[in-house]
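Next come the chains, spelled out residue by residue.
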Amino acid sequence: MGRPPPPPPVFRADTSGPPGLQPASACEKQLTQLQRHVLAFCERVTPGLKNGSYDWLTHVTDVDPRNMAKNIMYALQWGQRDASHGLLFTKRSFVKMNSTLLLWSGVSPSVRAKWCTSLNMFMLHAGGNDDIQTPFGGILEEEGMKSSDGRPLHDCEWAKQEPIWQSASDAVVWRNGADLVRFLVKKPLVKDGHTMLASSFGDRKIEETGLLEDWQKVETFSCVNVAEMEHPETAEQTELKSFESKDCRFDKVTKERYPGCLAMGHIELELFREVANQLPPSYEPHLSNLRLPALLKQYGPQVVTILPDVMEMFDTVIALELYLVQFTQARGF
């Protein structure tokens, strides 16, 4: 085992250096404020931990607020697992109301807020709206946390910001993402031959934000393209649309219907992965053991519809399989 990383530095605002160091000093001031607000948060929740008010979330009752704050800052600055016992990344109201987690890309704050209100969702950070954001999001709105452009921690270069956002993203999924995660994107889910995986998920690099095992436990992603739907639906309308997605069941989907079903997120990514796993890149097909005929029996003729997208998403031997199948048919094997 390697050595653990060194402890994080204690940030102190210092603007006495030469002008060339001013950007670093601005970042230090923001990180110092983050440390101060985290400590204040720990001091606020300590009495509730001691009297069992947070037993719906954690069994931890005996904490020292300064040590707790130190551990939280360490985790944030090194992109590690949440050290707040969940308290920074969920609320009792979210659990009580069975709220779902919202992730987004390219969507304005006002639109995000409308969708959250309409569909009973919450976000990691929602500006000043504490009803739909985590306590960590509230801290990002506190004094001294924003740069002149209004964005939190933006006086720091990305190398210092990234582990904080990574740790926070991991934590909010870990605490809240077991059932459903809704993903709002203001970009087409299928465009110019690119699938959802190659566009919204690829651009956001969702698999690199947070720990892989936490994303893997999310059972359902619900994706909505708000570029085509600026005004939020009601929860009832959304559930009705989900009900109508039975027309996109893979055993019924047609070649003509497939692009629309894929664009609405009604074709499960796991299906693409299953097919790709049966045709891995290391597999060397032979005429006597072709896999495509078996896949046709297992999934039906619809499997042919998704093969181009599977080839684009994964490294497989589908192209060679298709050639050999056509070869055997032409030769009468």
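Predicted model, so just to flag it, every value in this text is computed and none were measured.

Trainee: Just to check I follow, could you spell out the packing of helix α2 (residues 65–78) against helix α6 (residues 158–176) for this structure?
Mentor: For any two helices packed against each other, the geometry is given by the interaxial angle and the distance between the axes. Their axes nearest at 5 Å, the elements α2 and α6 cross at an angle of 110°. Taken together, α2 and α6 sit at an angle that is classed as roughly perpendicular. On α6, the residues touching Ala 75, Leu 76, Gln 77 and Trp 78 of α2 are Pro 163, Ile 164, Ser 167 and Ala 168. Split by residue class, the contact of α2 with α6 holds six nonpolar, two polar and no charged.

Trainee: Got a minute to help me understand a negative patch on the surface in this structure?
Mentor: A grouping of Asp 130, Asp 131, Glu 142 and Glu 143 is seen on the molecular surface, where their side chains present a negatively charged patch. Mapped onto the secondary structure, Glu 142 falls in the loop between α5 (135–139) and α6. For Glu 142, a relative accessible area of 36% gives the class partly exposed.

Trainee: Sorry if this is basic, but what is going on with the nonpolar core here?
Mentor: Generally speaking, soluble globular proteins have nonpolar side chains that are buried together. With 38 residues, the main nonpolar core has Leu 34, Val 38, Met 68 and Phe 136 as its most contacted residues. Listing elements by their share of this core, those giving two or more residues are α1 (22–50), α2, β1 (100–105), α5, α6 and β3 (180–185). In terms of residue count, the dominant contributor to this core is α1 (nine residues). Residues contacting Phe 136, with those up to four places away along its chain left out, are Leu 76, Leu 88, Phe 89, Leu 124, Ile 164 and Ala 168. Core analysis: the next-biggest nonpolar cluster, separate from the first, contains 26 residues, Tyr 258, Leu 271, Val 303 and Leu 307 among them.

Trainee: Would you take a moment to explain the confidence of the model for the protein for this structure?
Mentor: Predicted coordinates in areas of low pLDDT are best not read in detail. Confidence along the protein averages 78 in pLDDT terms, with 72% of residues attaining 70 or more. When pLDDT is averaged over each helix and strand of the protein, the minimum, 48, is found for helix α7 (residues 200–204) and the maximum, 97, for α5. The low-confidence segment residues 6–23 (pLDDT under 50) makes 26 contacts with residues lying over four places distant or belonging to another chain. Taken as a whole, residues 205–210 scores under 50 in pLDDT and shows 12 contacts with residues more than four places along the chain or in a different chain.

Trainee: For this particular structure, what's the right way to read α6?
Mentor: Every α-helix winds through 3.6 residues per turn, so residues three or four apart in the chain are directed the same way. If you check α6, its first and last C-alpha atoms are 26 Å apart, about what 19 residues at 1.5 Å a residue would give, namely 27 Å. Looking at α6, one finds that the buried residues are Gln 161, Pro 163, Ile 164, Trp 165, Ser 167, Ala 168, Ser 169, Asp 170, Ala 171, Val 172, Val 173 and Asn 176.

Trainee: In this structure, what is going on with the packing of helix α11 (residues 269–278) against helix α13 (residues 303–313)? I would like to understand it.
Mentor: Between α11 and α13, the least distance of the axes is 10 Å, while the angle of their chain directions is 80°. Between α11 and α13, the angle falls in the class roughly perpendicular. Between α11 and α13, the contacting residues are Leu 269, Leu 271, Phe 272, Val 275 and Ala 276 on the first element and Val 303, Ile 306, Leu 307, Asp 309, Val 310 and Met 313 on the second. When its residues are assigned to classes, the contact of α11 with α13 shows 10 nonpolar, no polar and one charged.

Trainee: I keep staring at the pairing of β3 and nothing clicks. Help me out?
Mentor: Each regular strand displays side chains that alternate between the two surfaces of the sheet. Extensive coverage of β3 is indicated by the burial of six of its six residues. Burial along β3 is two-sided: the residues Leu 180, Arg 182 and Leu 184 and Val 181, Phe 183 and Val 185 are all buried.

Trainee: How should I be thinking about the pattern of salt bridges in this particular structure?
Mentor: Where side chains of opposite charge bring their charged atoms close, a pairing between them can arise. For the structure shown, the criterion picks out four salt bridges. Two residues, Asp 170 and Arg 81, come together in a salt bridge whose shortest N-O distance is 3.6 Å. Here Arg 81 lies in the loop between α2 and α3 (92–96) and Asp 170 lies in helix α6, a separation of 89 residues in the sequence. For Asp 170, a relative accessible area of 2% translates into the label buried. Its relative accessible area of 28% is what places Arg 81 among the partly exposed residues. A salt bridge links Glu 141 to Lys 146; its shortest N-O distance comes to 2.7 Å. Of the residues examined, Lys 146 reaches a relative accessible area of 36% and is grouped as partly exposed.

Trainee: Looking at this structure, I do not really get unusual backbone geometry. What am I missing?
Mentor: In most cases, non-glycine residues show a negative phi, while peptide bonds are predominantly trans. The residue His 85 is not glycine, and still its phi comes out positive at about 60°. By secondary structure assignment, the location of His 85 is in the loop between α2 and α3. Even without glycine at this site, Leu 153 takes up a positive phi of about 60°. Relative to the elements of secondary structure, Leu 153 occurs in the loop between α5 and α6.

Trainee: I tried to follow the state of the cysteines on my own but got confused; where do I start?
Mentor: Here is the idea: a disulfide is a covalent bond, and it sits between the sulfur atoms of two cysteines. Under the definition given, this model contains one disulfide. Put simply, Cys 27 and Cys 156 are joined by a disulfide, and their sulfur atoms are 2.0 Å apart. Linking Cys 27 and Cys 156, the disulfide has an S-S dihedral of approximately 95° and is accordingly described as right-handed. Taken together, the positions of Cys 27 in helix α1 and Cys 156 in the loop between α5 and α6 put the pair 129 residues apart, joining distant regions of the chain.

Basis of the calculations
Residues numbered from 1 in each chain as written. Predicted model: local features only at pLDDT ≥ 70, side-chain atom pairs only at ≥ 80, totals over all residues. Heavy atoms only, no water. Axes fitted to C-alpha atoms, helices over the stretch in contact; angles between N-to-C directions. Helix = DSSP H or I, 4+ residues; strand = E, 2+ residues; numbered from the N terminus. Parallel < 35°, antiparallel > 145°, perpendicular 65-115°, else oblique. Contact = heavy atoms within 4.5 Å. Nonpolar A, V, L, I, M, F, W, Y, C, P; charged D, E, K, R; others polar. Patch = residues over 30% accessible without salt bridge, like charges linked within 9 Å, V, L, I, M, F, W, Y side chains within 5 Å. Areas by Shrake-Rupley, 256 points an atom, 1.4 Å probe, with all protein chains shown as cover. Salt bridge = Lys/Arg side-chain N within 4 Å of Asp/Glu carboxyl O. Lys, Arg positive; Asp, Glu negative; His and termini not counted. Charge placed at Lys NZ, Arg CZ, Asp CG, Glu CD. Buried < 20%, exposed > 50% of the residue type's maximum accessible area, 1.4 Å probe, protein only. Core = buried A, V, L, I, M, F, W, Y, C linked by side-chain atoms within 4.5 Å. pLDDT = per-residue confidence, 0-100. Expected span 1.5 Å × (residues − 1). Disulfide = S-S within 2.5 Å.

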